Amino acid sequence: MTVTRSARLLGASLCAVLALVIVVWLLRDLALFGPSLALLDYWLGAPGMPFHDVPATSLVDLLLLLAYTVTAVTATRSPLAAPAFTVVGLATIALRLPGLWAADVEALVTALLSLGLATGLVVTAAAGRRFDGRGGPGGPGGPPRPRSGPAIAAGVLCLLGGLIVAVWELRLTTRIPSEIVIARLTGGRPLLLSVLSVPPGWLSAVLVLLLLAVACAAFARARATRPFGLLAGLLLTGYGAAGVLVVVQPGWYAATPAPPVSDTLYEVLVWYGMLAGIAVLVLLGGTWRPRPAPYHPAPGLPPAPPAHRPPGW
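From a predicted model like this one, the values you see are computed outputs, not experimental measurements.

1. Some thoughts on the overall build of the protein
Along the protein, the regular secondary structure elements total ten helices and two strands. When the helices and strands of the protein are read in sequence order from the N terminus, they spell out β-α-α-α-α-α-β-α-α-α-α-α. Burial status across the protein gives 45% buried among its 313 residues. Here the analysis covers contacts within the protein between residues at least 6 apart in sequence; of these, 76% occur between residues at least 24 apart. For the protein, the exposed area adds up to about 15500 Å²; of that, 71% sits on carbon and sulfur atoms.

2. Looking at unusual backbone geometry
Residue Arg 221 is not a glycine yet carries a positive backbone phi of 55°. Note that Arg 221 resides in the loop between helix H8 (200–219) and helix H9 (225–247).

3. Examining the pattern of salt bridges
Between side chains of opposite charge, a pair can form as their charged atoms come close. The full count for this structure, using the stated rule, is three salt bridges. Among the salt bridges present, the one from Asp 29 reaches Arg 28, with a minimum N-O distance of 2.9 Å. For Glu 169, the salt bridge is made with Arg 184, and the minimal N-O distance between the two is 2.7 Å. A residue pair is termed long-range when its members are at least 10 positions apart, and Glu 169 in helix H6 (residues 148–173) and Arg 184 in helix H7 (residues 178–186) qualify at 15 residues. By the burial criterion, Glu 169 is buried, and Arg 184 matches it.

4. Overview of the confidence of the model for the protein
Scored by pLDDT, the protein comes out at a mean of 80, with 77% of its residues at no less than 70. The secondary-structure element of the protein with the lowest mean pLDDT is strand E2 (residues 129–130), recorded at 67, while H8 shows the highest, at 93. Contacts of residues 254–262 to residues separated by more than four positions or lying in other chains number 15 contacts, the stretch itself having pLDDT below 50. Confidence drops under pLDDT 50 across residues 287–296; counting only partners more than four residues distant or on other chains, this segment forms 16 contacts.

The rules we used
- Residues numbered from 1 in each chain as written.
- Predicted model: local features only at pLDDT ≥ 70, side-chain atom pairs only at ≥ 80, totals over all residues.
- Heavy atoms only, no water.
- Helix = DSSP H or I, 4+ residues; strand = E, 2+ residues; numbered from the N terminus.
- Buried < 20%, exposed > 50% of the residue type's maximum accessible area, 1.4 Å probe, protein only.
- Contact = heavy atoms within 4.5 Å.
- Areas by Shrake-Rupley, 256 points an atom, 1.4 Å probe, with all protein chains shown as cover.
- Salt bridge = Lys/Arg side-chain N within 4 Å of Asp/Glu carboxyl O.
- pLDDT = per-residue confidence, 0-100.

Pasting the structure below:
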């Protein structure tokens, strides 16, 4: 099962618009902060910024920008873009939903626009599929299944990553006030979040569900393992790398209500997240290619003449 050219172009255009939304906000942040490390500090969780200096973007937006760009470029070259459209669309919907109940009007408008574009991606992936005569869903014309070795290895890494993130979040809820627990899921005070920022508790919940879904798909060697796994690996890498940079500079979190970053479980989480995310990207990034369709001669046509025709041919 492949995607028509018009559907691929439409999906690539939707991804480009989603990327453009982030680029506009990113340019606004760069104009606000100028050539300094203040924006990077905020993306990594540095506290103590004045309220009027809170940027609009977050580290998640950079990862989504990369995912949109790769998906758009891939869709213009490959007819097997339906799983990528579906994965990116569903991830965008999950990560932009908290913007619907944000107090900021700009956040609400951006969330509505992103959710509409993401829904369009999912619809495009479903409506743009076509049967090309080489196989139906799962037939030889569709995406190939992953090899067992890389798929199982990526599944184990994602399963452990999801369990570690879940354990950390559950443990954290027992060590911080209840109002902060709610804020980490819904956003708002007392947390100081950017316009596009995903509440940290909500982000962890989405990441856990995505990692567990990738693990199940990988163990079953499902055809959608690669796009789901690549997005999960990208988010897990960014999640872990940001935490690692915080761990090596523990003074950054002195003003936060969360437990110290020297907490052993948190250190295990961020280091594992970064390394496991990179490993998943490597395992699923180039382990298989679309199989060429088998050759079937057109019915009803006579066989081609031999190179050396016998007498009387």
